[in-house]
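Next come the chains, spelled out residue by residue.
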Amino acid sequence: KGSIRLMLVDPSDGALEMIATSARFMRTRALGNGQFAKVTLYDTPHRLEKLRERVNEFIEYISNYRLQIPKGKLNLKVIDFLPPQTLVIINGSSNNGSMFVELGAYQSSKRNRPTFFLQKNKSKIFYTFYLNEFEAMWENAKPGEVIASK
């Protein structure tokens, strides 16, 4: 009955480099005796290629999966800018629509970013704002394709 729309940052564009530069990638390293240390990784060129590879793999996976389901049920587009938020929208246009919103941040770990849940029937103004943001981005996005690593 419904459909899924996925929007990712274009793996061939400079916005992906912005993500690699601004994101703080943490890795846990064992120190021994059951103790661990968190190490921040700042190797941007390596991170960029790894991130590009992961986005391309996901696009390829979705493209292959899309062949197994009815046309129009799974749509993928890419954007060439860094979105200010991550949105997961469920039943967007229905009266019982809901969404998770995670605000973007510069060099802040994912778990420290402000995240909140909105329901259309309880937070109509904010819900409508973020839904309109998504629709505007979707309108300007282009079809997703696998891009070879540089």
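Here, every reference points to the structure presented above.
Our subject in this report is the structure included herewith.

The rules behind each value
Residues numbered from 1 in each chain as written. Predicted model: local features only at pLDDT ≥ 70, side-chain atom pairs only at ≥ 80, totals over all residues. Heavy atoms only, no water. Helix = DSSP H or I, 4+ residues; strand = E, 2+ residues; numbered from the N terminus. Buried < 20%, exposed > 50% of the residue type's maximum accessible area, 1.4 Å probe, protein only. Contact = heavy atoms within 4.5 Å. Areas by Shrake-Rupley, 256 points an atom, 1.4 Å probe, with all protein chains shown as cover. Patch = residues over 30% accessible without salt bridge, like charges linked within 9 Å, V, L, I, M, F, W, Y side chains within 5 Å. Salt bridge = Lys/Arg side-chain N within 4 Å of Asp/Glu carboxyl O. Pairing = 2+ DSSP bridges. Axes fitted to C-alpha atoms, helices over the stretch in contact; angles between N-to-C directions. Phe/Tyr/Trp six-rings, centres within 6.5 Å; stacked < 30°, edge-to-face > 60°.

Side note on the overall build of the chain
- The helix and strand tally for the chain stands at three helices and eight strands.
- Each helix and strand of the chain, ordered N terminal to C terminal, gives the series β-α-β-β-α-β-β-β-β-α-β.
- For the chain, with 150 residues in total, the buried portion stands at 29%.
- Taking contacts inside the chain between residues at least 6 apart in sequence as the whole, the part at least 24 apart equals 60%.
- Put simply, the chain shows about 10,100 Å² of open surface, and 54% of that area lies on carbon and sulfur atoms.

What to know about a nonpolar patch on the surface
- A cluster of nonpolar side chains, Val88, Ile90, Phe100 and Phe117, forms an exposed patch at the surface whose accessible area comes to about 350 Å².
- Summarising the element assignment, valine 88 is placed in strand E5 (residues 85-90).

Considering the sheet that holds strand E4 (residues 74-79)
- Read across the open sheet, the three strands follow the order E1-E4-E8; overall the sheet is mixed. This sheet does not close on itself; its edge strands, each paired only once, are strand E1 (4-9) and strand E8 (142-143).
- Where helix H3 (residues 124-140) meets the sheet, its contacts fall on E1, E4 and E8, and the angle it forms with E1 comes to roughly 75°.

Regarding unusual backbone geometry
- Even without being a glycine, asparagine 91 presents a positive backbone phi close to 55°.
- Along the chain, asparagine 91 falls in the loop between E5 and strand E6 (98-103).

Observations concerning the pattern of salt bridges
- On inspection of all chains with the given rule, the structure shows five salt bridges.
- A salt bridge links arginine 52 to glutamate 49; its shortest N-O distance comes to 2.8 Å. Of this pair, arginine 52 and glutamate 49 are both found in helix H2 (residues 44-66), three residues apart, which corresponds to roughly one turn of the helix.
- Arginine 52 gets classed as buried once you look at its relative accessible area, which sits at 4%.
- A salt bridge links lysine 50 to glutamate 53, with the nearest nitrogen and oxygen atoms 3.9 Å apart. Placement of both lysine 50 and glutamate 53 in helix H2 is noted, with a separation of three residues, approximately one turn of the helix.
- Residue classification places lysine 50 among the partly exposed residues on the basis of a relative accessible area of 43%.
- Since its relative accessible area comes to 36%, glutamate 53 is described here as partly exposed.

Focus on the packing of aromatic side chains
- Within the structure shown, the criterion is met by five aromatic pairs.
- Considering the side-chain rings of tyrosine 61 and tyrosine 65, the 6.4 Å spacing of their centres and the 10° angle between planes classify their relative orientation as stacked. In this pair, tyrosine 61 and tyrosine 65 are both assigned in helix H2, four residues apart and thus about one turn of the helix distant.
- Note on tyrosine 61: relative accessible area 54%, which makes it exposed.
- A centroid spacing of 5.9 Å and a plane angle of 25° characterise the contact between phenylalanine 134 and tryptophan 138, whose relative ring orientation is stacked. With a gap of four residues between them, phenylalanine 134 and tryptophan 138 both fall in helix H3, about one helical turn apart.
- What makes tryptophan 138 buried here is its relative accessible area of 10%.
- An aromatic cluster is defined as three or more aromatic residues linked by ring pairs; in this entry it consists of Phe116, Phe129 and Tyr130.

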